[in-house]
Amino acid sequence: MDRVQAWGQRHRAVLSDVGVAIFLAAATLQIERANQTGHGTAVTSLAVAAVFLRRRWPYPTLAVVTAGALASVIVQPMSGGLLLALGVVMFSVPRQPIAYAAGVSILIFGTGLVVDASGWWKIQSLAAFTWIFGGAGIGDGVRSRRAYLAEVTERARQAEQTREEEARRRVMDERLRIARELHDVVAHHIAVISVQAGAAGHVLRQQPEQVWPVLGNIREAADTVLREIHSVIGVLRDPDEAGSTEPTPGLDRLPELIGGLRGAGFRVRSELRGEPRALPVVTDLAAYRIVQEALTNAHRYGDGAATLTVDYGPDAITVEITNTIVAYRVNTRAGSGFGLLGMRERAAAAHGTLSTGPVDPGDRYRVLAVLPTGGKS
């Protein structure tokens, strides 16, 4: 069903032309038979050809059909089928359709007055041209509406892009501000500690009994640094985390994470390679957060299952998360992309690398992170 709908969307114009051509051919044949002109086949062929040529060559098609209509006015009676074709062709005139409709109407009406003034100088004759102006007006309205919708869609897209760029800019500005503040605070107090440490060395050699106040100053300066760092970095934390004393998460908490996902109905097949060992704190935290974000994305956009592999190598730890891609979820629930950005920043902070994207044969998505451990066990 989806394929049929997609095919219909791609060929909507052709299908509409076929429908209009069938209607126009039937109407033209009936009109020409009623008038007994003997030109039913030629007029019908011209009308049907005009339907299919009007989109690509609107002005030449309009000229040919107008010429045919003028010829029918001269030989009498005017072809009703060609009048219908004029309205259909006028629908596709892209620029100034009302002006062209007025010109065609004047030509036909003027020719009719010359050939048969008494027959054409009637209100019924003027009413026939409402079809021509109607086709031009409807076509102009449809094109105006399409242009308006396209403009609204483009403005919405640009507004969304602007909001995303503004959000990213604000995030970067805030990071730079915090980095500058943290640099200024830490640099000042580290300089104080350095001076006090130098003084402590001098006092220890000259007057050992007076070294304790100097060491107290060093400790106080160090405590001040920690308090300032805590106050500056604290603005980045969630308010709910303010009173938390939970230790920094690491790979030792993977069973808890996987258990929670399995409890939510998400199937995770995990594999451990190598011998687990203590990792640097930054590396351990980065690995855990990358696994957490990747499994969360797999849960949201996948088919309900994922595979996790953790490989403890001699100099690095490798984590790999793969899941099956479900196209309709990706298209209808596309995220902001900040999850991938966060994972890359985590990997970069641990001096590692992160690669994401589909893998052969293209129906699976993989997140692969390689984080160095410095060869420490």
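## Some words on the pattern of salt bridges
Summed over the entire model, instances satisfying the criterion amount to 7 salt bridges. In this structure, R253 engages E256 in a salt bridge whose closest nitrogen and oxygen atoms are separated by 3.7 Å. Overall, R253 belongs to the partly exposed group, its relative accessible area being 21%. One salt bridge connects E320 with R366, and the closest N-O pair in it is separated by 3.8 Å. Residue E320 is found in strand 3 (residues 316-324), and its partner R366 is found in strand 5 (residues 364-372); the two are separated by 46 residues along the sequence. Judged by its relative accessible area of 24%, E320 falls in the partly exposed class.

## A look at the sheet that holds strand 3
Spatially, 5 strands are ordered 1-2-3-5-4 in an open sheet, and the strand pairing comes out mixed. Sheet topology places strand 1 (267-273) and strand 4 (353-359) at the edges, where each strand pairs with a single neighbour. Direction aside, neighbouring strands of the sheet carry axes that sit 10 degrees apart on average. Sheet analysis places strand 1 next to strand 2 (residues 305-312), joined by 7 bridges and oriented parallel. Bridging across to strand 2, E271 finds its partner in T309. Of the strands in this sheet, strand 1 and strand 2 are in contact with helix 11 (residues 254-263), which crosses strand 1 at around 160 degrees.

## With respect to a nonpolar patch on the surface
A contiguous nonpolar surface patch, about 350 Å² in accessible area, is contributed by V14, V18, I22 and F52. For the nonpolar patch, the leading source of residues is helix 2 (residues 12-35), giving 3 residues.

## Overview of the packing of aromatic side chains
Enumeration according to the criterion identifies 1 aromatic pair in this entry. A centroid spacing of 5.2 Å and a plane angle of 45 degrees characterise the contact between Y59 and Y100, whose relative ring orientation is tilted. Of this pair, Y59 sits in helix 4 (residues 58-75) while Y100 sits in helix 6 (residues 97-115), and the two are 41 residues apart along the sequence. The class of Y59 is partly exposed, set by a relative accessible area of 24%. You can call Y100 partly exposed: its relative accessible area is 35%.

## With respect to the nonpolar core
It is characteristic of soluble globular proteins that their nonpolar side chains tend to be buried jointly. By size, the foremost hydrophobic cluster in this structure holds 30 residues, and its most contacted members are L251, L254, I290, V291, L295, L308 and V310. Secondary structure elements with two or more residues in this core: helix 11, helix 12 (281-301), strand 2, strand 3, helix 14 (338-349) and strand 5. In terms of residue count, the dominant contributor to this core is helix 12 (8 residues). Not counting the four nearest positions on each side in its chain, V291 is found in contact with L254, L257, L308, V319 and I321. In this structure, A27, V65, A69 and I132 belong to the second largest nonpolar core, which totals 29 residues.

## Quick word on unusual backbone geometry
Residues apart from glycine generally show negative phi values, whereas peptide bonds are mostly found in trans. Phi is positive for Q96, close to 50 degrees, though the residue is something other than glycine. Structurally, Q96 is set in the loop between helix 5 (80-91) and helix 6. Of note, H351 is a non-glycine position whose phi angle comes to about 60 degrees, a positive value. Counting through the fold element by element, H351 comes out in the loop between helix 14 and strand 4. On the basis of relative accessibility, which here comes to 70%, the residue H351 falls in the exposed class.

## Structural notes on the packing of helix 4 against helix 5
Taken N-terminus to C-terminus, the directions of helix 4 and helix 5 make an angle of 160 degrees; their axes are 10 Å apart at the nearest point. Taken together, helix 4 and helix 5 sit at an angle that is classed as roughly antiparallel. When the axes of helix 4 and helix 5 are compared, the crossing they make is left-handed. Every residue of helix 5 that contacts helix 4 at P58, T61, L62, V65, T66, G68, A69 and S72 is listed here: L82, A85, L86, V89 and M90.

## Regarding helix 11
For helix 11, the set of buried residues is L254, L257, I258 and L261. In a view along the axis of helix 11, the buried residues occupy a sector of 95 degrees, so they form one face of it. Turned more than 90 degrees away from the buried face of helix 11 sit P255, E256 and G263, all of them exposed. On the buried face of helix 11, the contacting elements are strand 1, helix 12 and strand 2. Looking one or two residues past helix 11, G265 carries a phi angle of roughly 90 degrees, positive in sign.

Definitions and limits used
Residues numbered from 1 in each chain as written. Predicted model: local features only at pLDDT ≥ 70, side-chain atom pairs only at ≥ 80, totals over all residues. Heavy atoms only, no water. Salt bridge = Lys/Arg side-chain N within 4 Å of Asp/Glu carboxyl O. Buried < 20%, exposed > 50% of the residue type's maximum accessible area, 1.4 Å probe, protein only. Helix = DSSP H or I, 4+ residues; strand = E, 2+ residues; numbered from the N terminus. Pairing = 2+ DSSP bridges. Axes fitted to C-alpha atoms, helices over the stretch in contact; angles between N-to-C directions. Contact = heavy atoms within 4.5 Å. Patch = residues over 30% accessible without salt bridge, like charges linked within 9 Å, V, L, I, M, F, W, Y side chains within 5 Å. Areas by Shrake-Rupley, 256 points an atom, 1.4 Å probe, with all protein chains shown as cover. Phe/Tyr/Trp six-rings, centres within 6.5 Å; stacked < 30°, edge-to-face > 60°. Core = buried A, V, L, I, M, F, W, Y, C linked by side-chain atoms within 4.5 Å. Parallel < 35°, antiparallel > 145°, perpendicular 65-115°, else oblique. Left-handed = near helix turned anticlockwise from the far one by under 90°. Arc of directions from axis to C-beta.

Just distances and angles here, no functional claims.
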